Amino acid sequence: MAKFNTYQQKTDEELVSLSLKNKDAFALLVNRYQAKLARYIRHLSNFDEEEAADILQEVFIKAYLNLNDFDKRLKFSAWIYRITHNQVISQYRRLKVRPQAVVAVDDESIANKFTDGVDLARDLDLKYSTAAVRAGLQKLPYKYQEVLVLRYLEEKSYEEISAILRKPVATVGTLISRAKKELQQLINKDHI
Amino acid sequence: MQDLSNKVLEEIKNKHITPKPRWQFVGRDLLFWGAFAVSVGIGAVAFSAMLDRITSTDWDIYPQLGRNPVNHVFLSVPYLWVVVVVLFSLLAIYNFRHTKEGYRYRPVIVVTTSIVISIVGGTALFLTGFGGQIDERVAQRPPLGPMMPGHPADVWQHPEQGLLAGEIILVENDEVLNLRDLIGETWRVAYAGARFHIPLLPGGRIKIIGEMTGDRLFQAQQIRYWRGGRLEIPAGPSY
């Protein structure tokens, strides 16, 4: 227990090194990330709770198996998000269905994040705009949905998104900008 | 949620899962870097051979070959080398993208860098004469040689069309020399009045534009030096 408490103070990256010697340290990483990754899977897919839980378990097993592949120059969170992203895509491939994100935009503050800098009609009231943003997001191509999820719901930096999606930082910037433009067009088409 | 960490640890223990050793990941990465280097290297060698072939092709002899200029260009392009350069450039890009760091760079930068390395390396190899040697060796290989248009034997063994090439075996005087052609036959070549800027000596390999004037008799109008290799001359009678 004392050891567990000592581990609590450690950074993710330190815990990775410790996990190679002691499985219990890995349990702490699981605890730190399970809620975040469960939410990420929910945003990134339309899998039911049971499927999502299976994917999550598989993610942590894969992470443990590949601990030696973790690049200490990167953030652990980017690495584990990448494994999760790949696992979700693999699951879609297994099921032979097209990926479909369920981007939950439940309140105005989240809606505002997506539309920040987007020239939406000024006279839309916030509630209407939240519904419009939600509808628009569901119609976006998956490549745009996943990048918006990472930027605005998971609040990842461009560098982290680059490592998660394995795309250059500049490409991530372009994708986000295009995604927002397309979102604006979709909202305008539906509501104006 | 606490359950999950227990479930994960239990599965790790039950299935005796252990982290894969680090060397496997390092090895995989090195493999891609190695494949990238090899691809760029082969691309550079192919580029040097392509350059040699392009610079040693006689682009002005299309009238003798009964071709128009465009036709002549299409029939003289070293397609094999072009395909090899493109294929290995693509392979280099693929391998680079699969290294650990590869994703950080924009495709356009990776493509440009790979092509620039092949061009610079290939030009250096061409200048050392390596490109010509490679082109010669490949042209002699049965399955590949015929895939290379513009092979000397195809282009220069047409005396009836005014094209002849081979090795000087004897310089009789200032007006006549004897030449063994690409199929080993000997010609008497009259070269008085012909344009040439090279010394004509026994053992020299030359290309001649002119006119066939009789049985194994040829009137030269222009004599060119045969640069590099690719002149395979069967042994003939010695003089």
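Residues numbered from 1 in each chain as written. Chains lettered and ligands numbered in written order. Predicted model: local features only at pLDDT ≥ 70, side-chain atom pairs only at ≥ 80, totals over all residues. Heavy atoms only, no water.

### Overview of the overall build of chain A
To keep things clear, this is the line we draw: Strands here mean DSSP runs of E at least two residues long; helices mean DSSP runs of H or I at least four residues long; both are numbered from the N terminus. Residue exposure (1.4 Å probe, protein chains only): buried if accessible area is under 20% of the type maximum, exposed if over 50%, otherwise partly exposed. The contact definition used throughout considers only heavy atoms, calling two residues in contact when any of these lie within 4.5 Å. With residues, only the protein chains shown are counted as cover, and all accessible areas are computed by Shrake-Rupley using a 1.4 Å probe.
Along the backbone of chain A there are ten helices and zero strands. Counting every position in chain A, which comprises 192 residues, the buried fraction comes to 50%. For chain A, long-range pairs separated by at least 24 residues make up 66% of all intrachain contacts whose partners lie at least 6 apart in sequence. As displayed, chain A offers around 9,600 Å² of accessible surface, 48% of which is attributable to carbon and sulfur atoms.

### Some points on the pairing of strand E1 (residues 163-171) of chain B
Residue and element names in this part refer to chain B. Heads up, the condition is: Strand pairing is assigned whenever DSSP identifies at least 2 bridges connecting the two strands.
By the criterion of burial, E1 is predominantly enclosed, with seven of the nine residues buried. Taken together, the five bridges between E1 and strand E4 (residues 205-214) define a ladder with antiparallel strand orientation. Paired with Gly-166 across the two strands is Ile-206, which belongs to E4. Where E1 lies against strand E2 (residues 176-181), five bridges are found, and the strand directions are antiparallel. In the strand pairing of E2, Gly-166 is matched with Asp-181. Hairpin connection, E1 to E2: the antiparallel pair is bridged by four residues.

### Some details on the domain arrangement of chain B
Residue and element names in this part refer to chain B. Keep this limit in mind: Either an automatic procedure or a domain database provided the assignment from which the domain bounds are taken. Salt-bridge detection follows one rule: a side-chain nitrogen of Lys or Arg within 4 Å of a carboxyl oxygen of Asp or Glu. N or O atoms within 3.5 Å of each other form a polar contact, as long as, within protein, one can give a hydrogen and the other can take it, and as long as residues adjacent in sequence are counted only when both atoms are side-chain atoms.
Structurally, chain B comprises domain 1 (2-147) and domain 2 (156-225). Domain 1 and domain 2 are separated by 41 Å when their C-alpha centres are compared. Counting residues at the interface gives seven residues for domain 1 and seven residues for domain 2. Summed over the shared surface of domain 1 and domain 2, the result is three salt bridges. With its nearest N and O atoms 2.4 Å apart, the salt bridge here joins Arg-224 to Asp-60. Across the domain 1-domain 2 interface, the total number found is five residue pairs in polar contact (both at pLDDT 80 or more).

### Considerations on the interface of chain B and chain A
When the parts of a complex come together, some accessible area is lost, and that lost area is often taken as the interface size. For clarity, the cut-off: Note: buried area is the sum, over both parts, of the accessible area (probe 1.4 Å) each one loses when the two are combined. Lys, Arg, Asp and Glu make up the charged group, whereas Ala, Val, Leu, Ile, Met, Phe, Trp, Tyr, Cys and Pro make up the nonpolar group; the residues left over, Gly among them, are polar.
Of the residues lining the interface, 26 residues belong to chain B; the matching set on chain A comes to 33 residues. Summed over both partners, the interface of chain B with chain A comes to about 2,700 Å²; 59% of that surface belongs to carbon and sulfur atoms. On inspection of chain B and its partner chain A, the count reaches two salt bridges. In this structure, the connection of chain B to chain A is made through eight residue pairs in polar contact (both at pLDDT 80 or more). With nine residues, the single largest contributor to the side of chain B that touches chain A is helix H1 (residues 2-14) of chain B. Its residues placed into classes, the side of chain B that touches chain A shows twelve nonpolar, four polar and ten charged.

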